[in-house]
Amino acid sequence: MARPPQPPPRPAQRGATRQSQNGPKKPAWRTQGFDFKLYLRQHQAFLVESFTRLIGHPLASIMTIMVIAISLSLPGGLFVLLKNVQSVTDQWEQQSIISLYLFPNLEDTEALSLSHQLASRADVASVEYISKEEGLRYFEQSSGYEQIMSTLPENPLPIVLKVIPKAIVDLNTLPELQGLRDQLQGLPQVEHAQLDAEWLQRLATMISFGQRFVYAISALLVIAVLLIVGNTIRMAVESRRDEVLVMKLVGATNSYIRRPFLYMGFWFGVLGGLCACLCILLLSWWVSSPAARLIELYHAGFELQSFNAVEIILCLTISAMIGVIGSWVAVSRHIRDIELQ
Amino acid sequence: MEIEFQRVGKKYESGHDALSQVSFHLRQGEMAFLTGHSGAGKSTLMKLIMMIERQTTGQILVDGVDLRTLGKHAIPYHRRRVGVVFQNHQLLFDRSVFHNVALPLQVSGADDDQTGKRVRAALDKVGLLGKEKLNPMALSGGEQQRIGIARAVVNKPQLLLADEPTGNLDPRLSSEIMNLFQEFNRVGVTVLVASHDLALVARMRHRVLTLNQGRMVNDGGFA
Ligand SMILES: Nc1ncnc2c1ncn2[C@@H]1O[C@H](COP(=O)(O)OP(=O)(O)OP(=O)(O)O)[C@@H](O)[C@H]1O
Ligand SMILES: [Mg+2]
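Residues numbered from 1 in each chain as written. Chains lettered and ligands numbered in written order. Predicted model: local features only at pLDDT ≥ 70, side-chain atom pairs only at ≥ 80, totals over all residues. Heavy atoms only, no water.

> Outline the domain arrangement of chain A, supporting the account with residue identities and numerical values.
When its domains are assigned, chain A resolves into domain 1 (38–91 + 202–340) and domain 2 (95–196). On a C-alpha basis, the centres of domain 1 of chain A and domain 2 of chain A stand 54 Å from each other. (Domains from an automatic or database assignment.)

Next up, the structure:
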């Protein structure tokens, strides 16, 4: 349960610090101890009271809650989308290949010994040796350039070593594989090393772009929600100006006056977050069957992911915090500025 | 509670001297009236005691404590010891009589049992025990005024300040209200009442402080 970031002033302690100041006499009337039970009871009462107030103005409350919910479900939805893209690629288990094009002037024996050397590496599963002749045959078969090839005086193809790394390629192992590629590229016999995972590299860039996009959108919308909550609470304070003044007159501390409004912000945050979670769950349910069909075309056994329990709790916590902070910012100054005259 | 003003002056931001060189001493358990023409500075004097405004010169001692030594955070605790009936801070019409009177207790954190007892005791004193569940809107002007007094005394303050508590009441109701203050004074509460109603003040036979253009021109006998 979110609580205001700061505890209210403790009468006894504040009193004690004030008393140590100068003055002809100590005020003896401010030495009551801090009562924790009382503090909890008051909070509980405020929690209930602020909720009843929310229900008391159902239309205004629902509008605010819906605005918060919509603002939060956009980043939440994007987050789920991103999560699914990532999980699809994680399940796309594939062996990658690093093709090493050796220098054309390299002797067969040298190439063979390099191939053995590489095969014994810990991070390499196997190495396939493709001689110039095999390359040519393969090329002729697959490309239909037979005629052109036969007109050439000499076989132009280099010896190719197909290195199959042990690591399965996915977004997590990609940097490792790229490292291996760079290492192999550095070998003196290798003219060019090519990691055959371009699609994955592109996806990785797109995902990191997507992540940044989601972060930026989230930041903007969080600010929007802060402002919405702040504005709603400010209006609530303004509509209860008389009450604030009377409370000040009878000796309420600013933190006491502030508390019901912070709780109001808390409720707006929690209820808005709850609605956002519902929106996201509904939306994922709605797209789940077409998405599954789409994914089946490429890969079987994939399940669309939505918000899980942890993420729902996280979403609620964050939205509750936004609610409390938003109302805190709006209310603190405002209540201080409402002065008795 | 004891109140002592020593050459107190209050200059508002507008530059107007609402009070100047005001000195008096209200002893523990004493009752006094504060009179003077409109604009003489009566409300200002009460606001200084409540720390709603701060004096610009001089010293105000409450039970020997100089109010200037109390910081912003001490103000609420100071106010809890003083019961006030101010005309522009009347009842809240969004809640029952009971919850209006209970407000000072809630603010200082009394528990529900205690709150119930004290509120009923205060309503009993002003003779409105049966009306606790009503909305104050449903009460007459005089009854509302008495609810305000119940709210002022519910916390058992040692000082009671009332600014024009009989403002728009008929003479009979006015003297009823004044008698109420007298009763609180009899049980040891220090009482200071600002009033225009010189005839009523004279009848009450208490000390009278008179302000004129922000200066204390009479302290003692009846007006
Ligand atoms: N907030 C303020 N700013 C500037 N001047 C003020 C303020 N409050 C009061 N005054 C001025 O100070 C003077 C004293 O005002 P005060 O309200 O104390 O008078 P009063 O004796 O209570 O009058 P009344 O009997 O009409 O209530 C008046 O001239 C008033 O105009
Ligand atoms: Mg006045």
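So much for the structure itself; the text now carries on.
> So what about a negative patch on the surface? Which residues, and what values?
Residue and element names in this part refer to chain A. Among the surface-exposed residues, Glu107, Asp108, Glu110, Glu128, Glu133 and Glu134 lie close enough to one another that they form a single negatively charged patch. Secondary structure elements with two or more residues in the negative patch: helix H4 (108–119) and helix H5 (132–143). You can see Asp108 is positioned in helix H4. Look at Asp108 and you get partly exposed, because its relative accessible area is 44%. (Patch = residues over 30% accessible without salt bridge, like charges linked within 9 Å, V, L, I, M, F, W, Y side chains within 5 Å. Areas by Shrake-Rupley, 256 points an atom, 1.4 Å probe, with all protein chains shown as cover. Salt bridge = Lys/Arg side-chain N within 4 Å of Asp/Glu carboxyl O. Lys, Arg positive; Asp, Glu negative; His and termini not counted. Charge placed at Lys NZ, Arg CZ, Asp CG, Glu CD. Helix = DSSP H or I, 4+ residues; strand = E, 2+ residues; numbered from the N terminus. Buried < 20%, exposed > 50% of the residue type's maximum accessible area, 1.4 Å probe, protein only.)

> Outline the site of ligand 1, supporting the account with residue identities and numerical values.
All names here are of chain B. In the vicinity of ligand 1, 14 residues are found, and the nearest of them are Ser38, Gly39, Lys42, Ser43 and Thr44. The contact in question runs from an oxygen atom of ligand 1 to an N or O atom on the side chain of His16, over 3.1 Å. Interatomic distance of 2.5 Å between a side-chain N/O atom of Ser38 and an oxygen atom of ligand 1. Coverage of ligand 1 by the protein amounts to 66% of the 630 Å² it exposes when considered alone. At 3 residues, helix H1 (residues 42–49) tops the list of elements feeding residues into the shell around ligand 1. (Near = heavy atom within 4 Å. Polar contact = N/O pair within 3.5 Å; in protein donor to acceptor, adjacent residues only side chain to side chain.)

> Account for helix H4 (residues 112–125) of chain B, naming residues and giving values.
All names here are of chain B. Along its 14 residues, H4 runs 20 Å from first to last C-alpha, staying within 8% of the 20 Å computed at 1.5 Å per residue. Taken as a whole, H4 has its buried residues at Thr115, Gly116, Val119, Ala122 and Leu123. In a view along the axis of H4, the buried residues occupy a sector of 140 degrees, so they form one face of it. Pointing more than 90 degrees away from the buried face of H4 are the exposed residues Asp113 and Lys117. Considering only its buried residues, H4 is in contact with helix H3 (97–107) and helix H5 (141–153). Residue Asp111 occupies the N-cap position of H4, its side-chain oxygen lying 3.2 Å from the main-chain nitrogen of Asp113. Trailing H4 by a residue or two, Gly127 shows a phi angle of about 75 degrees, which is positive. (Expected span 1.5 Å × (residues − 1). Arc of directions from axis to C-beta. Contact = heavy atoms within 4.5 Å.)

> Break down the packing of aromatic side chains for me, citing the residues and quoting the values.
Residue and element names in this part refer to chain A. Taken as a whole, this structure holds 7 aromatic pairs over all chains when the rule is applied. With a centroid separation of 5.3 Å and 70 degrees between ring planes, the pair formed by Phe46 and Tyr256 is classed as edge-to-face. You can see Phe46 sitting in helix H2 (residues 36–56) and its partner Tyr256 sitting in helix H10 (residues 254–298), a full 210 residues away along the chain. Comparing Phe46 with Tyr256, the two get one shared label, buried. Centroid distance Phe266 to Trp267: 5.4 Å. Interplanar angle 65 degrees. Geometry classified as edge-to-face. The pair Phe266 / Trp267 is uniform in exposure class, with both members buried. (Phe/Tyr/Trp six-rings, centres within 6.5 Å; stacked < 30°, edge-to-face > 60°.)

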